[in-house]
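This is what each chain is made of:
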Amino acid sequence: MTPITITSADHPAVQPFRDIKERDLTGRAGLFIAEGEVVLNVLLSSASLCEPVSVLIAQKRWEGLEPLLSRLPEEVPVFLATQEILDQIAGFHLHRGILALGRKPQPLGLDGFLDQIEAEPRVSLVVASGIGNHDNMGGMLRNAAAFGARGMLMDSACCDPFYRKAIRVSVGAALRTPMVRTGTASQIVTALQARGYEVLALTPSAEQQLADYRPTARVALLLGAEGPGLPQEVVDQCTPIGIRMAGGFDSLNVAVTTGIALHQITTASLRA
């Protein structure tokens with residue numbers, strides 16, 4: 001592999017990396033930015049559902065990253081720049097010194113995705129409704145991957161899971177987790193129930209507690225945004241489930257809730 005040295009932030013080859021924060025807000029037409037060595041490693045792994053397009057790194061990182069970058073397809077260019085030029089390109093100080101441009105996978109339809117996993121004996125899914133915070137989205141994806149959720153379903157009110165910060169917080173799980181983004185939470189619940197899934201709505205108003213729940217073979221965990229939570233009409237479609245807390249607390253960060261609930265479902269399934 002022969003890297004290409006960039007001596008100007010105006011070089012046309014690195015324009016997709018320019019002013020990252022502003023471009024994050026306007027989108028990249030099917031592409032995304034991955035930041036840092038951990039996420040790059042996932043992007044280049046066999047588990048990734050995404051394709052690398054190009055890589056831009058600080059010159060000082062080249063020697064240490066060469067073994068990892070050797071896994072890139074031959075047609076994917078690697079650009080080197082001084083830290084100063086790299087910061088000018090990114091529009092802020094990029095202390096990790098690593099950026100990659102990737103291509104999103106083809107969008108999955110809900111029915112098609114459920115068809116793919118129909119024959120699997122036990123399935124857990126995460127359903128996100130109205131999650132607008134990218135840190136929470138990344139945390140939910142990280143937990144979904146860590147506890148073996150088969151995929152993540154999002155309603156159309158959710159933020160982009162391929163936003164740079166969401167990918168970084170997910171430690172690359174966003175690049176390897178099958179995702180479907182479609183319709184409303186109510187429509188997703190209806191579709192899942194028609195396929196035999198028990199949909200658990202995580203809500204502090206629930207009488208049944210997660211610790212007492214014994215999962216069926218097909219379970220979907222439905223979580224809403226912090227603050228408003230899930231609409232009551234959606235909760236009424238599902239099996240409401242709560243998490244017992246101390247000290248008068250009645251809610252947790254949605255990413256934390258996802259991790260606790262998935263851990264409980266996973267361990268209970270193993271004991272069954």
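Refer to the preceding data block for the structure.
Before going into details, it helps to say that this report is about the structure given with it. Remember, it's a predicted structure, so these values are computed and weren't measured experimentally. (Residues numbered from 1 in each chain as written. Predicted model: local features only at pLDDT ≥ 70, side-chain atom pairs only at ≥ 80, totals over all residues. Heavy atoms only, no water.)

1. Details of the overall build of the chain
Under the convention used in this document: Strands here mean DSSP runs of E at least two residues long; helices mean DSSP runs of H or I at least four residues long; both are numbered from the N terminus. Only the C-alpha atoms count toward the radius of gyration. The rule for a globule is 2.2 Å times the residue count to the power 0.38. We call a residue buried when its accessible area falls under 20% of the maximum for its residue type, exposed when it is over 50%, and partly exposed in between, using a 1.4 Å probe and counting protein chains only. The Shrake-Rupley method, run with a 1.4 Å probe sphere, supplies the accessible areas, and residue values consider only the shown protein chains as cover.
On a plain count of helices and strands, the chain comes out with ten helices and eleven strands. Radius of gyration (C-alpha) of the chain: 21 Å, near the 19 Å computed for a compact globule of 272 residues. Oriented by its inertia axes, the alpha-carbon framework of the chain measures out at about 65 × 40 × 30 Å. Taken over 272 residues, the chain has a buried fraction of 49%. About 12,600 Å² of surface is accessible on the chain, with carbon and sulfur atoms providing 51% of the total.

2. Some remarks on the nonpolar core
Our working definition: We call a set of buried Ala, Val, Leu, Ile, Met, Phe, Trp, Tyr and Cys residues a nonpolar core when their side-chain atoms join them within 4.5 Å.
The biggest cluster of nonpolar side chains holds 54 residues, and the ones touching the most others in it are Leu40, Leu69, Met137, Met140, Met152, Leu175 and Leu221. In terms of residues, this core owes the most to one element, helix H10 (residues 254–271), which gives five residues.

3. Brief notes about the sheet that holds strand E6 (residues 123–129)
The condition that has to hold: Strands are treated as partners if at least two bridges between them are detected by DSSP. Helix axes are fitted only over the stretch in contact, all axes being lines through C-alpha atoms; the angle between N-to-C directions runs from 0 to 180 degrees. Note on contacts: a residue pair qualifies if any of its non-hydrogen atoms lie within 4.5 Å across the two residues.
Sheet architecture is open: six strands sit in the order E8-E7-E6-E10-E9-E11, paired in parallel fashion. Because the sheet does not close on itself, it has two edges, and the strands there are strand E8 (179–181) and strand E11 (239–241). Mean inter-strand twist for the sheet, computed between neighbouring axes without regard to direction, equals 25 degrees. Here four bridges tie E6 to strand E7 (residues 151–154), and the two strands are oriented parallel to one another. Bridging from a neighbouring strand, Leu125 pairs with Gly151 of E7. Along the sheet, helix H6 (residues 134–146) makes contact with E6, E7, E8 and strand E10 (218–224), crossing E7 at roughly 150 degrees.

4. Observations regarding helix H4 (residues 83–90)
Where burial is concerned, most of H4 is hidden: six out of the eight residues are buried. Taken as a whole, H4 has its buried residues at Gln83, Ile85, Leu86, Asp87, Ile89 and Ala90. Gly91 occupies a position one or two residues after H4 and carries a positive phi of about 90 degrees.

5. Some words on the pairing of strand E5 (residues 98–103)
For E5, the buried fraction is high: five of the six residues fall into the buried class. Relative to E5, strand E2 (residues 31–35) runs antiparallel, the two sharing five bridges. Paired with Ala34 across the bridge in E5 is Ala100.

As far as function goes, none of this settles anything; it's purely spatial.
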